[in-house]
Amino acid sequence: KNNMDVMPNLLDENWINLNSQKKLETLQTVANIEANYLGISHEINVVASTLEEEVIACYIDDEHKVVINIDYLSKDSAEEMLNAICHECYHAYQHRILDAYNTLDDNYKSLLVFYDVSFYEEEFNNYSSGENDFFDYYFQHCEQTAREYAKNSTKKYYDVINKYLSENES
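Trainee: Got a minute to help me understand the overall build of the chain in this structure?
Mentor: Counting secondary structure elements, the chain contains seven helices and three strands. The order of α-helices and β-strands along the chain, N terminus first, is α-α-β-β-β-α-α-α-α-α. By residue count, 42% of the 170 residues in the chain fall in the buried class. Look at the contacts in the chain between residues 6 or more apart in sequence, and 51% of them connect residues 24 or more apart. Working note: accessible area of the chain is about 10200 Å², and carbon and sulfur atoms make up 47% of it. The chain carries 12 positive and 32 negative side-chain charges, and their two centres are separated by 7 Å.

In structure tokens:
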């Protein structure tokens, strides 16, 4: 609610008129919301840069940074960019869950709440970027759960934005 002055930027009719800096500021606001919602204690900084052609965005954990491909930022829809930010912020969450897991006594590591963590640990240690085999990348558990989270979060953002706008029409 504290960010509803920025959230309408995520509507395509507004997004298309934003310059790259305003788009990044909007995505930074989303990253701040996501970090707070997911309980991440550090900032997640959003920047734009040139990435490999097929890469929309990536998360760099040791820098707590989401890098958005500048080419996609300029041409993709707000929904695609929102989905990418939510996806990458979820990777930050996965890393923090793994950090927490690694501080636990072994007696607690088998709790159901930590089921996904064993996959994350293995995949982060042997991460497949998809450079050689797209399906190796696509079907990693960390990528599947991040995609699912992003899909659901994107829908929730638009539901909240549309509800807010309909309730506050003048």
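Trainee: Can you help me understand the environment of His95 in this one?
Mentor: Counting through the fold element by element, His95 comes out in helix H4 (residues 78-101). For the pair His95 and Gly39, spaced 56 residues apart in the sequence, the C-alpha separation amounts to 12 Å. Leaving out residues up to four positions away in the same chain, His95 has contacts with Tyr59, Asp61 and Phe124.

Trainee: Can you help me understand a negative patch on the surface in this one?
Mentor: Among the surface-exposed residues, Glu52, Glu53, Glu54, Asp71 and Glu131 lie close enough to one another that they form a single negatively charged patch. With respect to the element layout, Glu53 can be found in the loop between strand E1 (45-49) and strand E2 (57-60).

The rules behind each value
- Residues numbered from 1 in each chain as written.
- Predicted model: local features only at pLDDT ≥ 70, side-chain atom pairs only at ≥ 80, totals over all residues.
- Heavy atoms only, no water.
- Helix = DSSP H or I, 4+ residues; strand = E, 2+ residues; numbered from the N terminus.
- Buried < 20%, exposed > 50% of the residue type's maximum accessible area, 1.4 Å probe, protein only.
- Contact = heavy atoms within 4.5 Å.
- Areas by Shrake-Rupley, 256 points an atom, 1.4 Å probe, with all protein chains shown as cover.
- Lys, Arg positive; Asp, Glu negative; His and termini not counted.
- Charge placed at Lys NZ, Arg CZ, Asp CG, Glu CD.
- Patch = residues over 30% accessible without salt bridge, like charges linked within 9 Å, V, L, I, M, F, W, Y side chains within 5 Å.
- Salt bridge = Lys/Arg side-chain N within 4 Å of Asp/Glu carboxyl O.

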